[in-house]
Amino acid sequence: MTDAQAIEIRQHLVNELISHGFGDIVLEVNTRLEESDEERLSGRSPRSMLDFLLRESIEVFENLSNGNYEELIRRFNQLGSFSDARIESIVVELLTTGEPEFYNLRELPDYESIIGELREILTEIEREH
Amino acid sequence: MTAASLSRIKSKITTVLQQSANVSPSRVRTLLPVKSLQGKLYEAHVLASICSNLAAKEGCSLSLVGGNKLVLKQKGSPIDRSYPYFEIKRGKVLIGELFTDIYFNTLSHFIKGSPNPPTHGDFHELDIALLKPGLKGYPSHAEVLLAVECKNTAIKKSIIRELLGFRRELSFLAQGHIPTGFRSWPANRIKANPASVHMLYCSDRRINRYQTNCDQFGIILEHHKM
């Protein structure tokens, strides 16, 4: 892979993340980059910058993905005893002016397809190296 | 890399993100930004981890009191037992109660003479708190056994500064290590008086860089992935 190709893929990934509503992922990765060891930043090649973007994006998506909600419920229910019934859901009570409203965290999206695809791309790029 | 491979990789990126666009954080419409709700999901995962550790490492039994829904709150509040909470027992002895999104009265509030009602800087919010049993209203800093903050974000130095300030409002720095109420987890001794254990759970592994500094002030950092 040439430097130009690494730059092209990296730029494409950033642009596509932003244009499809995942700009926050780009912000998170940029923050991680800023907080990296500064003395190493100046020596980062286009190839290592692409690698960084892919790895960190995967990790950020993993930490946002709701792919294991049912497993989370099961984990709670394996732990303790409950006076009424087992835990059925995890909800967030939202601030409202009238009756309380609740959001069931089951409704949050999972990003397993994105994570899987980015991992495949990372593997393919590593094979190219 | 061939031009065909380059094109294919770019196409894969576009396709998967297009397919997922309707569930992107900026497109999902809820009353609370999706990012905040995803932060609450992380908090739930951390709570499960804490409960697991209390059971496995401290030999505690846990009971959820007050319902079959775990309710997290968008905004903190004083203790309200109409929301489900966990009782933590060792044998038959109730050693603590575990709440989420709870306000506690700060050390500075205590030093000021504990004015009532507390205002502004007199209280802060804890994402997860293990408190002494039987409390109501705003627990004091001395009634906190375990104070947990959850950050599902990239770690920045400003977060560490915030954390150190938060610790300031929980306890004084102790010269030596003081026994906590725990046998081993998360710590049986801590450099803080009162001897509350203060923890930050963070999804960014770079949190580990700051452990030795935070150790000096009785703060435990935990890298935790969902």
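Refer to the structure above for everything that follows.
Because the structure is a prediction, the values reported are computed rather than measured. (Residues numbered from 1 in each chain as written. Chains lettered and ligands numbered in written order. Predicted model: local features only at pLDDT ≥ 70, side-chain atom pairs only at ≥ 80, totals over all residues. Heavy atoms only, no water.)

Trainee: Could you clarify how one ought to interpret the interface of chain B and chain A in this entry?
Mentor: A common measure of how large an interface is: the accessible area buried when the components associate. Taken together, the contact pairs 68 residues of chain B with 63 residues of chain A. Together, the buried faces of chain B and chain A total about 6,100 Å²; carbon and sulfur atoms form 59% of this surface. The interface formed by chain B and chain A includes nine salt bridges. The salt bridge involving Glu 62 of chain A is made with Lys 225 of chain B; its shortest N-O contact spans 3.1 Å. The tally of links between chain B and chain A comes to 24 residue pairs in polar contact (both at pLDDT 80 or more). When contributions to the side of chain B that touches chain A are tallied by element, the ones reaching two or more residues are helix H1 (3–19), helix H2 (34–56), strand E1 (61–65) and strand E2 (69–73) of chain B. In terms of residue class, the side of chain B that touches chain A is made up of 31 nonpolar, 21 polar and 16 charged. (Contact = heavy atoms within 4.5 Å. Buried area = accessible area lost by both parts, 1.4 Å probe. Salt bridge = Lys/Arg side-chain N within 4 Å of Asp/Glu carboxyl O. Polar contact = N/O pair within 3.5 Å; in protein donor to acceptor, adjacent residues only side chain to side chain. Helix = DSSP H or I, 4+ residues; strand = E, 2+ residues; numbered from the N terminus. Nonpolar A, V, L, I, M, F, W, Y, C, P; charged D, E, K, R; others polar.)

Trainee: Help me understand the side chain of Glu 97 of chain B, please; the structure alone is not making it clear to me.
Mentor: Residues and elements named next belong to chain B. Among the structural elements, Glu 97 can be located in strand E4 (residues 93–105). Of the polar contacts made by the side chain of Glu 97, one reaches the side chain of Arg 81; its length is 2.7 Å. The contact partners of Glu 97, leaving out residues within four places of it in the chain, are Arg 81, Tyr 85, Phe 86, Ala 129, Leu 130, Leu 131, Lys 132, Pro 133, Gly 134 and Leu 135.

Trainee: Mind showing me how you'd approach the packing of helix H5 (residues 69–79) of chain A against H2 of chain B here?
Mentor: It is the contact of H5 of chain A with H2 of chain B, at a shortest axis distance of 10 Å, that shows an interaxial angle of 25°. In terms of axis orientation, H5 of chain A runs roughly parallel to H2 of chain B. Crossing handedness for the pair H5 of chain A and H2 of chain B: left-handed. Each of Leu 72, Arg 75, Phe 76 and Leu 79 of chain A in H5 of chain A lies in contact with H2 of chain B, whose residues at this interface are Leu 41, Ala 44, His 45, Leu 47, Ala 48, Ser 49, Cys 51, Ser 52 and Ala 55 of chain B. A per-class count over the contact of H5 of chain A with H2 of chain B returns nine nonpolar, three polar and one charged. (Axes fitted to C-alpha atoms, helices over the stretch in contact; angles between N-to-C directions. Parallel < 35°, antiparallel > 145°, perpendicular 65-115°, else oblique. Left-handed = near helix turned anticlockwise from the far one by under 90°.)

Trainee: What am I meant to see in the packing of aromatic side chains here?
Mentor: Two measures describe an aromatic ring pair: the distance that separates the ring centres and the angle between the ring planes. Inspection of the entire model under this criterion finds nine aromatic pairs over all chains. Ring geometry for Phe 22 of chain A versus Phe 61 of chain A: centroids 5.4 Å apart, planes at 70°, classification edge-to-face. With a gap of 39 residues between them, Phe 22 of chain A in the loop between helix H1 (3–19) and helix H2 (23–34) and Phe 61 of chain A in helix H4 (residues 46–64) connect regions that are remote in the sequence. What makes Phe 22 of chain A buried here is its relative accessible area of 1%. Judged by its relative accessible area of 0%, Phe 61 of chain A falls in the buried class. Ring pairs connect the aromatic residues Phe 22, Phe 61 and Tyr 111 of chain A, which therefore count as one cluster. The aromatic ring of Phe 102 of chain A is capped on one face by Lys 69 of chain B, whose charged end is 5.7 Å from the ring centroid. Cation over ring: Lys 73 of chain B sits above Tyr 83 of chain B, and NZ or CZ is 4.7 Å from the ring centre. (Phe/Tyr/Trp six-rings, centres within 6.5 Å; stacked < 30°, edge-to-face > 60°. Buried < 20%, exposed > 50% of the residue type's maximum accessible area, 1.4 Å probe, protein only. Lys NZ or Arg CZ within 6 Å of the ring centre and 35° of its normal.)

Trainee: Would you explain unusual backbone geometry in this entry?
Mentor: Most of the time, phi is negative for any residue but glycine, and the peptide bond is trans. Residues and elements named next belong to chain B. For the bond running from Asn 116 to Pro 117, omega is 5°, close enough to zero to count as cis. When you line up the elements, Pro 117 lands in the loop between helix H3 (107–111) and strand E5 (123–131). Geometrically, the link from Trp 185 to Pro 186 is a cis peptide bond, its omega value of -5° lying close to zero. For Pro 186, the location among the structural elements is in the loop between strand E7 (172–179) and strand E8 (189–193). Even without being glycine, His 120 reaches a positive phi, approximately 45°. Inspection of the secondary structure puts His 120 in the loop between H3 and E5.

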